[in-house]
Each structure stands twice: as structure tokens, then as C-alpha cells.
Amino acid sequence: MKLTALLCSMLVASVVSGAAFAQAPIVIKFSHVVASDTPKGKAAERFKELAEKNTKGRVKVELYPNSTLYKDKEELEALQLGAVQMLAPSLAKFGPLGVKEFEVFDLPYIFPFKDTLHQVTEGPIGKGLLQKLESKGITGLAFWDNGFKVMSANKPLRAPADFKGLKMRIQSSKVLDAQMRALGANPQVLAFSEVYQALQTGVVDGTENPPSNMYTQKMHEVQKHVTVSNHGYLGYAVIVNKKFWDSLPADIRTELDSAMKNATTYANAIADQENGRALDAIRKAGKTTIYELTPAEKNEWRKALLPVQTDMEGRIGKDLIASIRKLSASSGEK
């Protein structure tokens, strides 16, 4: 009888343990390098909320903002190894990974307005670009906006000649390297988490960023001048480890896709607002002079930077660049 009782208790414990194991949530570690109060940070929070709600707790999303888990150069490798399941890296990160077509988003003045940009990210071109990540063990889920970039330095930047000799921080991108060289600057590749200190200590003289990134990282505290140039775009691709994604139950993937679509709509809706607020906050802080280019000055910048588009055709793809230019022309953009 004692043996029977022992076997029964072991069976019950096994069933309870098995049930508990079956109910354990699927954990998605979502790492990114910017602050929680940026457009990307807020969109990640929205995705977490909806993913957990839609799956009724079967999925748990753990957010790791501000490079707390991985820095720029580490995060893509961590994703491919399965150490983290989800990222939202800037689009410039995929060039060094071997998918050079993504560097089309780095081209100066390729997207004068959001209309053409969204025709690309939400249309066949964007879908085709995400599919190119599959061979790298990555599944692309969505594009998230941040916004158009400003230039900053400790001297006024009103004309291309003002950049001559400046050490300007860039992401690791051949296009951004060529962009800064076209302006006469010396590009310096640095991880995003290292930029504030590099600006503070003079390792670099200036940088480019959407205002929300600049403000939330307090770069305006160590930069005396900002030019609202809107010369280039900074956006993100939300990606997951392909092996992990493919292993999920189909109904879970469906709910996560739904959460991602909602988070994407939210991200793209708040990006302009957040950047506008950030620029106002930088202005109110009183440490940085903000300069808006006149039409004539902007034309001078465009004249200096547009050749980068042609120079990069061999790297990015002439047809890809031409297709985006065609979309711009059809939208009345020049």
C-alpha cells in the first residue's frame, strides 16, 4: 500500500509538473539601443502590451532598452545565435551583415517626404528587402519610422563648407561614410551608446540623428549647434530569429503579427510628434542654437550630397535606387 501511495503521489507530481511546464510562457527577449521614451522605445512597449494580451499570457516579452543587453555591434550576432529573439536595429545595420540593399535608406535626400518612404516600406520593395534577410537566419516583421535627421556640432553648420575637417560620428554604413566625405568631414564609426561621451570629450565633433534620439541621449547638452537639414532618414526593421519564429505555434504567430501591425501603426504615427517635441525641448533647454536651412541653403546641401546616390549604385543596386526615384517622381517630388 505504501508503494502504491508513493507511486500515486509521484504520478500526481509528474502531472502537476507537466501542466506547469506546459503553461510556462514563451519568452521573447526584445533588445534595442535607444531609450524607452523614444518612438522605438514606445512602440516596443506597445508591442509587449498587445503581444501578452493577445496571447492571454502565453507569450512574455522582456524589453531591454538603451543597450542594457547588447550594443550596436553585438545585437545582430546575438539574434542569429538565438541569445535574443527580437531586435529593431536601424536599417544601416544590415549593410555590414551583407544585405547591402538596405543602405538605400541611408542615401541623402532619397526620401524628401514620408509619402514615398511609406510606399517603399509598406509596398513590394520593402517586402522584398525583408525577404533578403531570410538567408541570414532572420525573419523581418515590419519597418518602424523614427524620422528625418538633423546635423549637430559645436560650430554652425549652414553650408557644406562648414563640415570641412570635422570628425562626424556615423553608424557603420558605406553610404553614410560617403555622405560625410562628400561634405568634407571625417566620418567616425561609433556605437550609439558611446556617442554622448565621445561628443563630450571631443573624440568626435558632431553627429547626425533624429531629434528624439538626440534629446533622449542628452547629446544637446554637449552640442552647441543643430541644423534642421532633414537630409536623411533613420528607420528600423523589427526582426526575429527565424528558427525561433518558425518554431512558434501558428496561432501564436498570428497573434504576434497582429500585435506587430498595431505597434507599427502606432510607431509611425508618433514619430513626427516625438521629434517635434524633442526639437522644442532642445530649444527650450537653451544650450543649443537651432538653425533652419533656407531654400537656397538646402539646395546647396542637396547639390553637394545628391552625387552620393549615383556613386552608390554599384553597391546598393542601380535598379533599386531608380525604382525609388520613380516613386518620388510619381508623387511629384523632385
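Residues numbered from 1 in each chain as written. Predicted model: local features only at pLDDT ≥ 70, side-chain atom pairs only at ≥ 80, totals over all residues. Heavy atoms only, no water.

**Student:** Sorry if this is basic, but what is going on with the nonpolar core here?
**Tutor:** Among the nonpolar cores identified, the biggest contains 43 residues, and F30, F47, M86, W144 and L256 are the most heavily contacted of them. Per-element tally for this core: the top contributor is helix α10 (residues 250–285), with eight residues. Grouped together as the second largest cluster of nonpolar side chains are 37 residues, L107, L117, L130 and I239 included. (Core = buried A, V, L, I, M, F, W, Y, C linked by side-chain atoms within 4.5 Å. Buried < 20%, exposed > 50% of the residue type's maximum accessible area, 1.4 Å probe, protein only. Helix = DSSP H or I, 4+ residues; strand = E, 2+ residues; numbered from the N terminus.)

**Student:** How do you make sense of the layout of surface pockets when you look at a structure like this?
**Tutor:** If a probe as big as a water molecule is rolled over the atoms, it shows which places are left empty. Approximately 420 Å³ is the volume found for the largest pocket. As for the largest pocket, its lining consists of 18 residues, and the residues nearest its centre are T121, L130, L141, A142 and F143. Listed by contribution, the elements that provide at least two residues to the lining of the largest pocket are α5 (124–131), β4 (138–148) and α10. Top contributing element to the lining of the largest pocket by residue count: α10, with six residues. Across the lining of the largest pocket, the residue classes break down as five nonpolar, eight polar and five charged. Roughly 250 Å³ of volume is contained in the second largest pocket. Along its surface, the second largest pocket is lined by 15 residues, and D72, K73, K93, P96 and S172 are the ones closest to its centre. In the lining of the second largest pocket, the residues fall into seven nonpolar, three polar and five charged. (1 Å grid on protein atoms, 1.4 Å probe; cavity = no way out; pocket = protein on both sides within 12 Å on 5 of 7 lines; lining within 4 Å. Points joined across faces, edges and corners; volume = space filled by probe spheres on them. Nonpolar A, V, L, I, M, F, W, Y, C, P; charged D, E, K, R; others polar.)

**Student:** Hey, could you run me through helix α6 (residues 174–182) in this one?
**Tutor:** Think of an α-helix as turning once every 3.6 residues; residues three or four places apart then point the same way. Along α6, the residues that are buried comprise V175, L176, A178, Q179 and M180. If you check the start of α6, you find a side-chain oxygen 3.2 Å away from the backbone N of V175, and it comes from S173. Following α6 by one or two positions, G184 has its phi on the positive side, about 90°. (Polar contact = N/O pair within 3.5 Å; in protein donor to acceptor, adjacent residues only side chain to side chain.)

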